[in-house]
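Results of the structural survey
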Amino acid sequence: MAFAQADICNVEFDIGTKMAAFDNSESVNITFDYSVYEPGGVRIFARPFTNGALTSGYGASGSPLYTGSGTGNANFNISSGSVIVDEIRFQILNADQSELLREFWVPVDYH
């Protein structure tokens, strides 16, 4: 992994808690502050995980190109089934997504 020239902080979930129940296809919306010093910008992705693997049946937002600093948004949903999401993985990649700059997980308990 390369040294990141970007960072995110102040991650907030629209429900105000890291524990909640959702209907199938209901979106979990996430906002975060970012600072980018990577030439060409970065893309930031948030993905749901269950027991160490991507959650089955998830759908998630893509990422715009982030440059400078500001507030970003992401979302995901689970289309069907009954699953427990226990972590959200955040990845910061360079603009063409060829290099992972930073990765971290936020523990949650979503049903």
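Conventions we followed
Residues numbered from 1 in each chain as written. Predicted model: local features only at pLDDT ≥ 70, side-chain atom pairs only at ≥ 80, totals over all residues. Heavy atoms only, no water. Buried < 20%, exposed > 50% of the residue type's maximum accessible area, 1.4 Å probe, protein only. Helix = DSSP H or I, 4+ residues; strand = E, 2+ residues; numbered from the N terminus. Pairing = 2+ DSSP bridges. Core = buried A, V, L, I, M, F, W, Y, C linked by side-chain atoms within 4.5 Å. Contact = heavy atoms within 4.5 Å. pLDDT = per-residue confidence, 0-100. Phe/Tyr/Trp six-rings, centres within 6.5 Å; stacked < 30°, edge-to-face > 60°.

A few points about the pairing of strand S3 (residues 28-36)
Going residue by residue along S3, you find Val28, Ile30, Phe32, Tyr34 and Val36 tucked away on one face and Asn29, Thr31, Asp33 and Ser35 left uncovered on the opposite face. Sheet analysis places S3 next to strand S7 (residues 69-78), joined by 8 bridges and oriented antiparallel. Paired with Tyr34 across the strands is Gly70, a residue of S7.

Let's talk about the nonpolar core
Within the largest apolar cluster, 23 residues are counted, with the highest numbers of intra-cluster contacts made by Phe13, Ile30, Phe32, Val42, Ile44, Ile88 and Tyr110. Every element with two or more residues in this core is listed here: strand S1 (6-13), S3, strand S4 (42-50), S7, strand S8 (85-94) and strand S9 (100-110). Element by element, the count of residues in this core is highest for S3, at 5 residues. With residues near it in sequence (within four places) discarded, Ile30 still touches Val11, Glu12, Phe13, Ala46, Gly72, Asn73, Ala74, Phe76, Ile88 and Phe90.

Quick notes on the confidence of the model for the chain
Mean pLDDT over the chain: 87, with 88% of residues reaching 70 or higher. Of all helices and strands in the chain, the one with the weakest mean pLDDT is strand S2 (residues 19-20) (60), whereas S4 scores best (96).

What about the packing of aromatic side chains?
In this structure the tally under the stated criterion is 5 aromatic pairs. Between the aromatic rings of Phe32 and Tyr66, the centroid separation amounts to 5.9 Å while the plane-to-plane angle is 65°, which identifies the pairing as edge-to-face. Of the two residues, Phe32 sits in strand S3 while Tyr66 sits in the loop between strand S6 (58-60) and S7, which places them 34 residues apart along the sequence. In this pair, the class of Phe32 matches that of Tyr66, namely buried. One aromatic cluster in this structure is built from Phe32, Tyr34 and Tyr66.

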